[in-house]
Amino acid sequence: MNKFKIALLFSIFALASFSSLSCSNFFVNSLSSKKIAELKSGEGPGEVLIVRDEYTLNELTFKVEVVDNKILIADNSLKRFQVLDSDGKPELIIGGKTTQQFNGYKNFNFGVIGAFTMDSSKNLYVQNRLETRLNSSSAEGSNFSPSYILVFDANGDLQYTMGKLGTPEFPFFYIEKLFVDEDDRLHVISRSFNSWELYRFNKKKRERFIDFSKFEFKEKDDNNTYNGIIENLLLFRNGNEIIISVAFYHDVRFKYRKLYIYSLEKEKFIREIGSFPDPKNVPFGISDDKIVYFWNIEGKDIKFMLTSLDGDIINNVRLKLDPKIIFSKIIPDNEGDLYSYQVSGNTLQIFKWN
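The following refers to the structure shown. (Residues numbered from 1 in each chain as written. Predicted model: local features only at pLDDT ≥ 70, side-chain atom pairs only at ≥ 80, totals over all residues. Heavy atoms only, no water.)

## Side note on the overall build of the protein
Item 1. Looking only at helices and strands, the protein features 1 helix and 27 strands.
Item 2. The contacts of the protein with a sequence gap of at least 6 include a subset with a gap of at least 24, amounting to 47%.
Item 3. When the accessible surface of the protein is totalled, it reaches about 16,500 Å², and 48% of it is carbon and sulfur. (Helix = DSSP H or I, 4+ residues; strand = E, 2+ residues; numbered from the N terminus. Contact = heavy atoms within 4.5 Å. Areas by Shrake-Rupley, 256 points an atom, 1.4 Å probe, with all protein chains shown as cover.)

The following block contains the structure:
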């Protein structure tokens, strides 16, 4: 059972028993982790090249996502993309080089791999950035260079290339996220400085385009005016609504953030989720199109606060990370489950949290 469904069941008891308590007094459940894959540093199938010294990573040249129990890895040191099964066994390698022959290898010449995801038919959507000196190998670094989305089928064969209009004439620039909804429509979230844009594609056809910079967020309190800045967009699995997280400031001082639900079909705001005054509670993801979770970093511990779409606090959960590791990252899958990957020695370890 999805841990957030468990949390929701727990909330029935929690809200009934502790409704008079504040958020800080909610019991915090510590999740446990299970290692699902360990990849050696190298150039062979199922390996990833880790560029590090004695103390830390020299540069983050790889990125990991988990989609439908498949592990997707972009390795910009080797200029290749891999699909592994849930145990870390390689199924497909696109591009780059490998030290061993592999039946699932497909030749391709990538620039810099950025965001990526996969749909239910195992088609792969991979952002390919034009290479510059600033982004020659970084998976997370300077993204402000023209890029296109490459669409590969389950065998790793290139099907077509996409730009802003669906056709590749106009490239994207900074792509924040690629997301496939339950109807296999591709959503591209793009931004530059304070501008956020969302594109929705059905195969090659662009169905929706929303420029969120046209919306102005201002609120007044007595003689003060609070200016709102969009800080994140979270998509529902249904592909029809999106949560917009807006941080409000008085001059440069953070006051609170508000979450709004925007309908892509109606092209209007349909409700407000709530106001959250703690700047450390940052929106992170959505589970089952019903629960929003916020994360808060406490040293090497990650704490998530779960709320309903009405803004009611459901539960708190904690992920205790190994304090000795040199790098770690938390990632949600498309169903709302939590995974993490970390560098330990010369290996990349991937965990699932329950």
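## Comments concerning the environment of glycine 311
Item 1. Structurally, glycine 311 can be placed in the loop between strand E23 (301-308) and strand E24 (313-320).
Item 2. In this structure the C-alpha to C-alpha distance between glycine 311 and leucine 259, which are 52 residues apart in sequence, comes to 8.8 Å.
Item 3. With residues up to four places along the chain from it excluded, the contact list for glycine 311 reads Ile273 and Phe276.

## A look at the sheet that holds strand E18 (residues 241-250)
Remark on secondary structure: sheet strands pair via backbone hydrogen bonds, oriented parallel or antiparallel.
Item 1. The antiparallel open sheet is built from 5 strands, whose spatial order is E16-E17-E18-E19-E20. Looking at the sheet topology across the chains shown, the edges are occupied by strand E16 (218-221) and strand E20 (268-276). Pairwise comparison of adjacent strand axes, ignoring direction, gives a mean angle of 30 degrees for this sheet.
Item 2. The pairing of strand E19 (residues 253-263) with E20 spans 7 bridges and is antiparallel. Bridging from a neighbouring strand, tyrosine 262 pairs with phenylalanine 269 of E20. (Pairing = 2+ DSSP bridges. Axes fitted to C-alpha atoms, helices over the stretch in contact; angles between N-to-C directions.)

## Quick notes on the nonpolar core
Item 1. Counting 20 residues, the largest nonpolar core has Phe62, Val64, Ile71, Tyr341 and Leu348 as the members making the most contacts within it.
Item 2. Of all the secondary-structure elements, those providing two or more residues to this core are strand E2 (33-40), strand E3 (62-67), strand E4 (70-75), strand E25 (327-332), strand E26 (338-344) and strand E27 (347-353).
Item 3. Core analysis: the next-biggest nonpolar cluster, separate from the first, contains 19 residues, Phe179, Phe212, Leu235 and Tyr262 among them. (Core = buried A, V, L, I, M, F, W, Y, C linked by side-chain atoms within 4.5 Å. Buried < 20%, exposed > 50% of the residue type's maximum accessible area, 1.4 Å probe, protein only.)

## Quick notes on the sheet that holds strand E15 (residues 205-211)
Item 1. Read across the sheet, 4 strands follow the order E12-E13-E14-E15 without closing on themselves; strand pairing throughout is antiparallel. The sheet is open, and its two borders are formed by strand E12 (175-180) and E15, each paired with just one other strand. Here the strands of the sheet are splayed against their neighbours by 15 degrees on average, with no regard to which way each runs.
Item 2. Pairing of strand E14 (residues 195-202) with E15 involves 6 bridges; the strand directions are antiparallel. By the bridge assignment, phenylalanine 201 is partnered in E15 with arginine 206.

## A closer look at the packing of aromatic side chains
Item 1. One pass over the full model with this rule turns up 28 aromatic pairs.
Item 2. When the ring of phenylalanine 212 is compared with that of phenylalanine 215, the centres are 6.0 Å apart and the planes differ by 45 degrees; the resulting orientation is tilted.
Item 3. When its relative accessible area of 1% is taken as the criterion, phenylalanine 212 is described as buried.
Item 4. In this structure phenylalanine 215 comes out as partly exposed when scored by relative accessible area, which is 23%.
Item 5. Note on tyrosine 293 and phenylalanine 304: the rings are 5.6 Å apart at their centroids and 70 degrees apart in plane angle, and the pair reads as edge-to-face. Note that tyrosine 293 is positioned in strand E22 (residues 291-298) and phenylalanine 304 in strand E23, a separation of 11 residues in sequence. (Phe/Tyr/Trp six-rings, centres within 6.5 Å; stacked < 30°, edge-to-face > 60°.)

## Thoughts on the environment of phenylalanine 254
Item 1. Along the chain, phenylalanine 254 falls in strand E19.
Item 2. On a C-alpha basis, the gap between phenylalanine 254 and aspartate 278 in space is 9.1 Å, while along the polypeptide they are 24 residues apart.
Item 3. Excluding its chain neighbours within four sequence positions, the residues that come into contact with phenylalanine 254 are Ala247, Phe248, Tyr249, Phe276, Pro277, Asp278 and Pro279.

## Overview of the side chain of lysine 258
Item 1. Mapping lysine 258 onto the fold places it in strand E19.
Item 2. Here lysine 258 falls in the buried class, since its relative accessible area comes to 13%.
Item 3. Side-chain polar atoms of lysine 258 contact the side chain of glutamate 219, separated by 2.8 Å.
Item 4. In contact with lysine 258, other than residues within four places in its own chain, are Glu219, Ile244, Ser245, Val246, Phe248, Glu272, Gly274 and Ser275. (Polar contact = N/O pair within 3.5 Å; in protein donor to acceptor, adjacent residues only side chain to side chain.)

## Brief notes about the pairing of strand E13 (residues 186-192)
Item 1. E13 sits mainly inside the fold: 5 of its 7 residues count as buried.
Item 2. In this sheet, E13 lies alongside E12 in antiparallel orientation, the contact comprising 5 bridges. Within E13, the position partnered with valine 180 by the bridge is leucine 186.
Item 3. Strand direction decides the pairing type here: E13 and E14, joined by 7 bridges, are antiparallel. Note on E14: the bridge partner recorded for isoleucine 189 is leucine 198.
Item 4. In this structure, the hairpin formed by E13 and E14 is closed by a connection of 2 residues, where phenylalanine 193 is found at a positive phi of approximately 55 degrees.

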